[in-house]
Amino acid sequence: MRIGIGYDIHRLTEGWKLVLGGVEIPYIKGLEGHSDADVMLHALCDALLGASGLGDIGKHFPDTDPKFMGVSSMGLLKDVFTMIVKEGFKVHNVDLVLIAEEPKISPFVEKMKDNISSVLKIDKNYIGIKASTNEGVGAVGRGEAIASYSVVTLIEKECLN
Ligand code: MG
C-alpha cells in the first residue's frame, strides 16, 4: 500500500471558467491558470504522482509549455492514471477536500465522483469529496482563491493476489 498527498490553490477571478472535479460550475468568477485550473484534479494528480514516486504535476505538465494551455485537467488525470498503471499500481481510495467560501458544490459532487471514477477505474464508494469554507480567513476566506487537498492510497498490483 502506498499513500500520497496533494495540495493546490488557484486565484479566483472574474472572466475565467470555474471547473472543479471535471465539472463546469456556473459562477460569477472562475479559476485562473494555464490549464483549466481545476484545483481539485490538480491536487488529486499530485497525490497520485506522490504515492507512486513519479514526482509532481509541474514536472509532467509544466505551465511554461504552451501545449498545456487551456487543456482539460481530466486529460491530465488520464495521463497520470496511465503513468501509475505502467508503474504497476492500482488506485484503492481517493479523498478530496475543497476549501472555498463560494459557491456551494454539493449539487455537483455526484458528477465529480462519476468523472473521477471513470478515469481511475474505482467504485464511487472509494471516492470522498468534501467541501469546507475557510471561515472568512485569509485569501480563500476573502473569496480570492480556492484550494484543495487530496489523499490517495494505491495498491501495488503484485500484492493483489
Ligand atoms: Mg494547479
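Heads up: these notes are all about the structure in this document. Keep in mind the model is a prediction, meaning the values are calculated, not measured.

On to the nonpolar core, then. Formed by 44 residues in total, the largest nonpolar core has its most connected members in Leu20, Leu44, Leu48 and Leu120. Ranked by residue count, the leading element in this core is helix α1 (residues 39-51), at nine residues.

Taken in spatial order, the five strands line up as β4-β1-β7-β5-β6 in an open sheet, and their pairing is mixed. Since the sheet does not close on itself, it has two edges, and those belong to β4 (29-31) and β6 (127-132), each with one partner. Sheet twist, expressed as the mean angle between neighbouring strand axes with direction ignored, is 25°. Note that strand β5 (residues 89-99) and strand β7 (residues 145-156) share ten bridges and pair antiparallel. Bridge pairing in β7 places Asn93 opposite Thr153. Sitting on the sheet, α1 touches β1 (2-14), β4, β5, β6 and β7, and the angle it makes with β1 is about 155°. The strands touched by helix α4 (residues 109-120) within the sheet are β5 and β6, with β6 carrying the most contacts at an inclination of about 145°.

Size it by volume and the largest pocket reaches roughly 230 Å³. If you go around the largest pocket, you meet 14 residues; those closest to its centre are Ser35, His42, Ile57, Phe61 and Asp63. When residues of the lining of the largest pocket are traced back to their parent elements, those giving at least two are β1, α1 and α2 (57-60). For the lining of the largest pocket, the class distribution of residues is six nonpolar, five polar and three charged.

Right, let's get into the packing of α1 against α4. Across the interface, α1 lies against α4 with an axial gap of 13 Å and an inter-helix angle of 30°. Judged by the angle between their axes, α1 and α4 are roughly parallel. By crossing handedness, the relation of α1 to α4 is classed as right-handed. Touching Met40, Leu41, Leu44 and Leu48 of α1 are Met112, Ile116 and Leu120, all from α4. Counted by class, the contact of α1 with α4 contains seven nonpolar, no polar and no charged residues.

With that settled, the discussion passes to the coordination of the magnesium ion. For a metal with four tetrahedral donors the ideal donor-metal-donor angle is 109.5 degrees, whereas six octahedral donors ideally subtend 90 or 180 degrees. Those donors, Asp8 (OD), His10 (NE2) and His42 (ND1), are the protein atoms that reach the magnesium ion, and they lie 2.1 to 2.2 Å from it. One chain supplies every donor for the magnesium ion, spaced along it as D-x1-H-x31-H. The same class applies to Asp8 as to His10, namely buried.

Definitions and limits used
- Residues numbered from 1 in each chain as written.
- Predicted model: local features only at pLDDT ≥ 70, side-chain atom pairs only at ≥ 80, totals over all residues.
- Heavy atoms only, no water.
- Core = buried A, V, L, I, M, F, W, Y, C linked by side-chain atoms within 4.5 Å.
- Buried < 20%, exposed > 50% of the residue type's maximum accessible area, 1.4 Å probe, protein only.
- Helix = DSSP H or I, 4+ residues; strand = E, 2+ residues; numbered from the N terminus.
- Pairing = 2+ DSSP bridges.
- Axes fitted to C-alpha atoms, helices over the stretch in contact; angles between N-to-C directions.
- Contact = heavy atoms within 4.5 Å.
- 1 Å grid on protein atoms, 1.4 Å probe; cavity = no way out; pocket = protein on both sides within 12 Å on 5 of 7 lines; lining within 4 Å.
- Points joined across faces, edges and corners; volume = space filled by probe spheres on them.
- Nonpolar A, V, L, I, M, F, W, Y, C, P; charged D, E, K, R; others polar.
- Parallel < 35°, antiparallel > 145°, perpendicular 65-115°, else oblique.
- Left-handed = near helix turned anticlockwise from the far one by under 90°.
- Donors = N, O, S within 2.8 Å, 3.2 Å for Na, K, Ca; no water.

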